[in-house]
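As a plain string of letters, each chain reads:
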Amino acid sequence: MNKTVNYNYYHWGPFLYKTVLELEELEKIKKLCSKKSKDHRKNLAGLIKHEHVVDGKKILPIIYPYLKSYLEAYSNYSLKPIGNDVQLMGAWVNYMTKFESNPYHTHDEDLSFVIYTKIPSDLKKEVKETVGNVRPGTINFMHTLGTEKYSLNRHTFLPEPGDFFIFPASLHHSVNHFQSKGERISISGNLKIING
């Protein structure tokens, strides 16, 4: 006998927000990225050859509506305000190629974000052909590093161009290496919450 069971489930832990940029916004962001801009590797955890500064004054107007949306979404979800505004403390672009990776790490400040502008075309095929639990080229968010039976402590995504994640800077995250040709390009940044 089939029975319909009504239920609720409850989210615990960090507020991980995902949205998708409009194509016009994505194209504007791509123009802000260059391997000729200042090398930013000494400030980052990545095992990546090309990590460069992105002009925060130019990217902020493009992404600002999404940052405000995160604050509103958090407040609606938690029923308490997180802050009135955010200040962009820095942004950079990662040009990840095969065999490069970003080990588990956290960021400074209150919030962080990552935007994807390019994903190698062969990466989806590589993911489908991979055997095992670790998927190449994915971003992995982990709430706790320990494991508990029947506890969900991780979310993993194979990003698409335009995907935009905002999350607490203290949330552990990593990127698995891949073997496909091409570049996996992402822009990240750190945000300070303003209460005033």
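Keep in mind that this is a model prediction, so the values were computed, not measured.

Chemist: I would appreciate a short explanation of the overall build of the protein chain in the present structure.
Modeler: Looking only at helices and strands, the protein chain features 3 helices and 10 strands. Reading the protein chain from its N end, one meets helices and strands in the order β-α-β-α-β-β-β-α-β-β-β-β-β. Considering only C-alpha atoms, the protein chain reaches an extent of 65 × 50 × 35 Å along its principal axes. When the 196 residues of the protein chain are sorted by exposure, 42% land in the buried category. Of all intrachain contacts in the protein chain linking residues separated by at least 6 positions in sequence, the fraction that spans at least 24 positions is 82%. Roughly 12,100 Å² of accessible area belongs to the protein chain as shown, and the carbon and sulfur atoms make up 51% of that amount. A gap of 4 Å separates the mean positions of the 26 positive and 20 negative side-chain charges of the protein chain.

Chemist: Help me out: how do you make sense of the sheet that holds strand S2 (residues 50–53) in this one?
Modeler: Note on sheets: strands pair through backbone hydrogen bonds, and any given pair is parallel or antiparallel. The strand order S1-S8-S5-S10-S3-S2 describes an open sheet built from 6 strands, whose pairing is antiparallel. Edge positions in the sheet fall to strand S1 (17–20) and S2, since each of these pairs with one other strand and no more. Sheet twist, expressed as the mean angle between neighbouring strand axes with direction ignored, is 20°. Where S1 and strand S8 (residues 163–168) come together, 4 bridges link them in antiparallel fashion. The residue bridging Tyr17 from the neighbouring strand is Ile166, located in S8. Strand contacts of helix H1 (residues 23–31): strand S5 (111–118) and strand S10 (184–194), with the helix running at about 95° to S5, the strand carrying the most contacts. Sheet strands touched by helix H2 (residues 56–78): S1, strand S3 (85–96), S5, S8 and S10. Its angle to S3, the strand with the most contacts, is close to 115°.

Chemist: Help me understand the pattern of salt bridges in this model?
Modeler: Inspection of every chain in the model, using the stated rule, returns 6 salt bridges. Measuring nitrogen to oxygen at the nearest pair gives 3.6 Å for the salt bridge that ties Asp163 to Lys18. With Asp163 in strand S8 and Lys18 in strand S1, this pair connects stretches of sequence that are 145 residues apart. For Glu27, the salt bridge identified is with Lys30, shortest N-O distance 3.3 Å. Of this pair, Glu27 and Lys30 are both found in helix H1, 3 residues apart, which corresponds to roughly one turn of the helix.

Chemist: Please explain the environment of Tyr74 as it appears in this structure.
Modeler: Among the structural elements, Tyr74 can be located in helix H2. With relative accessibility at 22%, the residue Tyr74 sits in the partly exposed group. Spatially, the C-alpha atom of Tyr74 lies 36 Å from that of Gly182, the residues being 108 residues apart in sequence. Aside from chain neighbours lying at most four places away, what touches Tyr74 is Phe15, Leu79, Lys80 and Ile82.

Chemist: Explanation requested: the packing of aromatic side chains in the structure shown.
Modeler: Each aromatic ring pair is described using two quantities: the centre-to-centre distance and the angle formed by the ring planes. Counted according to the given criterion, the structure contains 11 aromatic pairs. Judged by centre distance (6.1 Å) and plane angle (70°), the ring pair of Phe141 and Phe157 falls under edge-to-face. Within this pair, whereas Phe141 is found in strand S6 (residues 139–142), its partner Phe157 is found in strand S7 (residues 154–157), the two being separated by 16 residues in sequence. Ring centres of Phe157 and Phe165 lie 4.8 Å apart, and the angle between their planes is 55°; on these two criteria the pair is classed as tilted. A network of ring pairs unites the aromatic residues Phe15, Tyr17, Tyr70, Tyr74 and Tyr77 as a single cluster. Lys35 extends its terminal NZ or CZ atom over the ring of Tyr95, reaching a point 5.1 Å from the ring centre.

Definitions and cut-offs
- Residues numbered from 1 in each chain as written.
- Predicted model: local features only at pLDDT ≥ 70, side-chain atom pairs only at ≥ 80, totals over all residues.
- Heavy atoms only, no water.
- Helix = DSSP H or I, 4+ residues; strand = E, 2+ residues; numbered from the N terminus.
- Buried < 20%, exposed > 50% of the residue type's maximum accessible area, 1.4 Å probe, protein only.
- Contact = heavy atoms within 4.5 Å.
- Areas by Shrake-Rupley, 256 points an atom, 1.4 Å probe, with all protein chains shown as cover.
- Lys, Arg positive; Asp, Glu negative; His and termini not counted.
- Charge placed at Lys NZ, Arg CZ, Asp CG, Glu CD.
- Pairing = 2+ DSSP bridges.
- Axes fitted to C-alpha atoms, helices over the stretch in contact; angles between N-to-C directions.
- Salt bridge = Lys/Arg side-chain N within 4 Å of Asp/Glu carboxyl O.
- Phe/Tyr/Trp six-rings, centres within 6.5 Å; stacked < 30°, edge-to-face > 60°.
- Lys NZ or Arg CZ within 6 Å of the ring centre and 35° of its normal.

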